[in-house]
Amino acid sequence: MPAVIEAHNLSKRYYLGEINQDAFFEDINRRARQIYRRLRNRETAPLQNGREFWALKGVSLEINQGETLAIIGSNGAGKSTLLKILSRITKPTTGNLTVRGRMASLLEVGTGFHPEFTGRDNIYLNGAILGLKKAEIQTRFDQIVEFSELGEFIDVPVKRYSSGMYIRLAFSVAANLNPEIMILDEVLAVGDTAFQQKCINRVQEIIREGHAAIMVSHSMNAMRQMADKCLWLKNGEVRMFGNIDEVATEYENETMHVAKAPEKESIVHFIDWAITGEKSGENHTLSSQFNPVEFSIRCDLKIPLTEGSVMFALVDAQTLQILCHRTDIGNQPAGRLTLKIRLPQLPIRIGSYKLQCTFLEGGHALDVLWATPELVVASSDSTSKGGQRGILDVPAEVLISRNE
Amino acid sequence: MNIEYEVSAERTVSSSRLKDIWNYRELLFLLIKRDFISGYKQTVLGPLWFIIQPVMTALIFSFVFGKIANLPTDKLPPFIFYMSGTIVWSFFANCVTKTSYTFIGNTALFQKVYFPRMVVPISLIVTNLLNFLIQLMILIVFMIIFIVRGAPIDPNYKVIILPAILLQVVLLGLGLGCIISSLTVRYRDLNMAVGFGMQLWMYASCVFFPRSMVPPEYQWVLTLNPMVSIIECFRYTLLGVGQVEIYQWLISVAITLLIAVTGLWMFRRSEGTFTDSV
């Protein structure tokens, strides 16, 4: 079975700058020189333009059936450009691409909807754009409407839809027309949480059916949950390509260092942290959530505290505080100290979490300390079959009883 | 359907493009339906507009050019003469204007999804052709009325050439529209000029005067204007009146083919990269 997407050496050049009279004469000039060179049988050198910008440089990748690729990178790294080339919105400047299968793209918010059309007409339009026959769309029509939860609004022109309704319809169409390849650009970040989860479930279902997906998201957790492979783009080039866990961890480490601002005049200096006690695995990786765990955070207190207290918190990738514990520490002289936080167990999902310590004096927060690198929860002991959703990973028991 | 495609920085082969468009025939059909219906959606008179437009234009022309300016009409009843010129001209002008907005008018759609971009101009042309055929039926009704009343209209076997003439209009309109839409990707000036330019062009296209009326020293201008031969041929084949120099028609066919090929070539060059410059 050949790969569903094969791309070799994709590059994309954009011209910056305004199009005006100058640009017009420049164009004429370039064309004329090109023709002159061709007539003289000279090699047509690539025409240089001072305002050119390479959004993508020599990117190659391969995706097989049933695989999900996550594309990560900071803003302007070329993620959207790559997705545009893969979904044939724009042509690459160099390189080539082979796609085998029907592809549904959800680029940015919304898809190719016609604002004047009703939701119903747009379902047919999108189906036709995907290359489906009318009968094929008809068999899936009810399924799409049901998934979108739009109800009677299906016969209202989409220009009157709220952005939430719009994206719900867009996703429902793309996900239920059985595309062999799905491209998702930040679409999982819109809509309410319940619908988001529904989308994630649906994408996982599609992947299980043996179809492929490519996704871009700023939620590393969602990507870790769903993707197998990861492509890390940096300034238009491939920084790393491989297994999602490796690439995502490396990415988080690097971006954390970049984000570390020059230290301002702080009251508490962070030194380092580690998982101590009954440790298993690496210093920052938790591999068993159901055993006692101890975090040791070393820091340097610049001023003495008299009525001090410390608030320890765990924050997940969506900046949700999933644990928070405050302890009085009373009188503390200035100087280095180690905070040891012991938990009987930490039943949380696989992913990366930030450790945060807030120092307080007499109830007022003095300084917040973020521990780096992040805590990585690597494997799950749970036997739950519910996939990797939710915050807690608790081995629950479900029993059925009937009262007849 | 088994879809497999390759995209390469170098240009793709054109045979694969035709297959591509065929794969998207469902979309083509949907767009035609949409264009055709949306033409008179939210209007009171609905499809009647297809009829009102040419009939009113022909009436006004008959009055202004026939009664006031006293222009000859090759012995044809002025109403039939003007109406036949008007419907062919507006068919052509609509093809050009609508097609020239392909890229600019569909930016939002083109930036989100792929389908062969050529589907859009083709759907527009087919919609215009349908409109034209309705108007042609109306013209035929009027022709019958005039023939019954003894007007010198003589439809005969030459009508079989009519489809060829319509094909020529389609190619010319599509080609020109493609040229303009490709150029407007970078320069918007042309869109400003299209409506205005088409109006000027109409004056040079024998819509409301016969070719025979033009002084010999200006005849070469009409030879270079492919629409002159098209309109003259249309009247000649449908109404059986007037005459057409075969060499003039051949020149107009040659110009049409040149424009069509250039237009399609330019369109193909622009469609892959147009989203970069809007």
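Residues numbered from 1 in each chain as written. Chains lettered and ligands numbered in written order. Predicted model: local features only at pLDDT ≥ 70, side-chain atom pairs only at ≥ 80, totals over all residues. Heavy atoms only, no water.

Draft legend 1. View of the interface of chain A and chain B. Opposite the 44 residues of chain A that make contact, chain B presents 34 residues. Seen at the junction of chain A and chain B, the total is 3 residue pairs in polar contact (both at pLDDT 80 or more). Considering every element that reaches the side of chain A that touches chain B, the biggest residue donor is strand β4 (residues 94–100) of chain A, with 7 residues. Grouping the constituent residues of the side of chain A that touches chain B by class yields 20 nonpolar, 14 polar and 10 charged. (Contact = heavy atoms within 4.5 Å. Polar contact = N/O pair within 3.5 Å; in protein donor to acceptor, adjacent residues only side chain to side chain. Helix = DSSP H or I, 4+ residues; strand = E, 2+ residues; numbered from the N terminus. Nonpolar A, V, L, I, M, F, W, Y, C, P; charged D, E, K, R; others polar.)

Draft legend 2. Quick look at helix α11 (residues 226–239) of chain B. All names here are of chain B. Spanning 14 residues, α11 covers 20 Å between terminal C-alpha atoms, matching the ideal 20 Å at 1.5 Å per step. In terms of burial, α11 is a largely internal element, 13 of the 14 residues being buried. Among the residues of α11, the N-terminal cap falls to asparagine 225, whose side-chain oxygen and the backbone nitrogen of methionine 227 are separated by 3.0 Å. Of the residues trailing α11, glycine 240 is marked for its positive phi of about 70 degrees. (Expected span 1.5 Å × (residues − 1). Buried < 20%, exposed > 50% of the residue type's maximum accessible area, 1.4 Å probe, protein only.)

Draft legend 3. Molecular detail of the sheet that holds strand β13 (residues 305–315) of chain A. Residues and elements named next belong to chain A. Pairing is mixed in the open sheet, where 5 strands are placed in the order β11-β17-β16-β13-β14. Of all the strands in the sheet, just β11 (285–286) and β14 (321–332) have a single pairing partner and so form its edges. Where strand β16 (residues 351–361) and strand β17 (residues 364–377) come together, 10 bridges link them in antiparallel fashion. Paired with cysteine 357 across the two strands is leucine 369, which belongs to β17. (Pairing = 2+ DSSP bridges.)

Draft legend 4. Here's a closer look at a nonpolar patch on the surface. Residues and elements named next belong to chain A. Judged by side-chain polarity, Leu320, Ile391, Leu392 and Val394 come together as a nonpolar surface patch covering roughly 330 Å² of accessible area. The topology assignment puts leucine 392 in the segment after β17. Take leucine 392: its relative accessible area is 51%, and that puts it in the exposed class. (Patch = residues over 30% accessible without salt bridge, like charges linked within 9 Å, V, L, I, M, F, W, Y side chains within 5 Å. Areas by Shrake-Rupley, 256 points an atom, 1.4 Å probe, with all protein chains shown as cover. Salt bridge = Lys/Arg side-chain N within 4 Å of Asp/Glu carboxyl O.)

Draft legend 5. Spatial organisation of empty space enclosed by the protein. All names here are of chain B. Evaluated as defined, the whole model comprises 3 cavities of 30 Å³ or more. Quantified by volume, the second largest cavity comes out at close to 60 Å³. In terms of lining, the second largest cavity is formed by Asp74, Leu76, Phe81, Glu232, Arg235, Tyr236, Val241, Gly242, Gln243 and Val244. Looking at side-chain class alone, the lining of the second largest cavity contains 5 nonpolar, 2 polar and 3 charged residues. (1 Å grid on protein atoms, 1.4 Å probe; cavity = no way out; pocket = protein on both sides within 12 Å on 5 of 7 lines; lining within 4 Å. Points joined across faces, edges and corners; volume = space filled by probe spheres on them.)

Draft legend 6. Here's a closer look at unusual backbone geometry. At arginine 88 of chain A, a residue that is not glycine, the phi angle is positive and equals roughly 65 degrees. Considering the arrangement of structural elements, one finds arginine 88 of chain A in the loop between α2 (79–86) and β4. The class of arginine 88 of chain A is buried, set by a relative accessible area of 14%. The backbone of asparagine 70 of chain B shows a phi angle near 55 degrees, a positive value even though the residue is not glycine. By secondary structure assignment, the location of asparagine 70 of chain B is in the loop between α3 (49–68) and α4 (78–100). You can call asparagine 70 of chain B exposed: its relative accessible area is 59%.

Draft legend 7. Spotlight on the environment of cysteine 233 of chain B. One can find cysteine 233 of chain B in helix α11. Put simply, cysteine 233 of chain B and leucine 30 of chain B are 203 residues apart on the chain and 33 Å apart in space, counted from C-alpha to C-alpha.

Draft legend 8. Broad picture of the nonpolar core. Judged by nonpolar contacts, the single largest core of 129 residues is most densely connected at Phe171 of chain A together with Phe115 of chain B. The dominant element in this core, judged by the number of residues it contributes, is α4 of chain B, at 13 residues. In this view, phenylalanine 115 of chain B contacts Ile129 of chain A together with Tyr24, Leu27, Leu109, Phe110 and Val120 of chain B; residues no more than four positions away in its chain are not counted. (Core = buried A, V, L, I, M, F, W, Y, C linked by side-chain atoms within 4.5 Å.)

Draft legend 9. How the structure looks around the domain arrangement of chain A. Domain boundaries assigned for chain A yield domain 1 (5–249) and domain 2 (264–377). A straight line from the C-alpha centre of domain 1 of chain A to that of domain 2 of chain A covers 40 Å. (Domains from an automatic or database assignment.)

Draft legend 10. Local environment of the packing of α4 of chain B against helix α7 (residues 119–148) of chain B. Residue and element names in this part refer to chain B. The geometry of α4 relative to α7 is characterised by a closest axis approach of 9 Å and an angle of 175 degrees between their N-to-C directions. Accordingly, the angle class assigned to the pair α4 and α7 is roughly antiparallel. Of the residues in the contact of α4 with α7, the class split is 18 nonpolar, 6 polar and 1 charged. (Axes fitted to C-alpha atoms, helices over the stretch in contact; angles between N-to-C directions. Parallel < 35°, antiparallel > 145°, perpendicular 65-115°, else oblique.)

Draft legend 11. Fine view of the pattern of salt bridges. Residues and elements named next belong to chain A. In total, this model carries 13 salt bridges over all chains according to the counting rule given. Between arginine 100 and glutamate 6 there is a salt bridge whose closest N-O contact spans 3.0 Å. Taken as a pair, arginine 100 in strand β4 and glutamate 6 in strand β1 (residues 5–15) lie far apart in primary sequence, 94 residues in all. Among the ionic pairs, arginine 342 bridges to glutamate 294, the shortest N-O distance being 2.5 Å. Residue arginine 342 is located in strand β15 (residues 335–343), and its partner glutamate 294 is located in strand β12 (residues 293–301); the two are separated by 48 residues in the primary sequence.

Draft legend 12. View of the sheet that holds strand β9 (residues 237–243) of chain A. Residue and element names in this part refer to chain A. The strand order across the open sheet formed by 6 strands is β5-β6-β7-β3-β8-β9, and the pairing between neighbours is mixed. For this open sheet the edge positions go to β5 (103–106) and β9, each flanked by a neighbour on one side alone. Each adjacent strand pair in this sheet contributes to an overall mean axis angle of 15 degrees, direction not counted. Where strand β6 (residues 181–185) meets strand β7 (residues 212–216), 5 bridges bridge the pair, whose relative direction is parallel. Looking at the pairing, isoleucine 183 lines up with isoleucine 214 of β7.

Draft legend 13. The arrangement of helix α9 (residues 189–203) of chain B in detail. Residues and elements named next belong to chain B. Over its 15 residues, α9 runs 22 Å from end to end, which matches the ideal 21 Å to within 8%, given 1.5 Å per residue. By the largest-angle criterion, glycine 195 marks the main kink of α9, which is about 35 degrees. Of all the residues in α9, the buried ones are Asn191, Val194, Met198 and Met202. As for α9, its buried residues are in contact with α3, α4, α5 (102–105) and α8 (162–184). (Bend = angle between axes of the 7 residues up to and from the residue.)

Draft legend 14. The arrangement of the packing of aromatic side chains in detail. Residue and element names in this part refer to chain B. Under the criterion given, the structure shown has 25 aromatic pairs over all chains. For the pair phenylalanine 91 and phenylalanine 132, a centre-to-centre distance of 4.8 Å together with 20 degrees between the ring planes defines the contact as stacked. In this pair, phenylalanine 91 sits in helix α4 while phenylalanine 132 sits in helix α7, placing the two residues 41 residues apart along the sequence. A single burial state applies to phenylalanine 91 and to phenylalanine 132, both of which are buried. (Phe/Tyr/Trp six-rings, centres within 6.5 Å; stacked < 30°, edge-to-face > 60°.)

Draft legend 15. Structural context of the packing of helix α2 (residues 25–38) of chain B against α7 of chain B. Residues and elements named next belong to chain B. Close contact between α2 and α7 brings their axes to 9 Å; oriented N to C, the two are set at 50 degrees. Taken as axis vectors, α2 and α7 run oblique relative to one another. When the axes of α2 and α7 are compared, the crossing they make is right-handed. Contacts between α2 and α7 involve Leu27, Leu28, Leu31, Ile32, Asp35 and Phe36 from the first element and Val119, Val120, Ile122, Ser123, Leu124, Val126, Thr127, Leu130, Asn131 and Ile134 from the second. For the contact of α2 with α7, the class distribution of residues is 12 nonpolar, 3 polar and 1 charged. (Left-handed = near helix turned anticlockwise from the far one by under 90°.)

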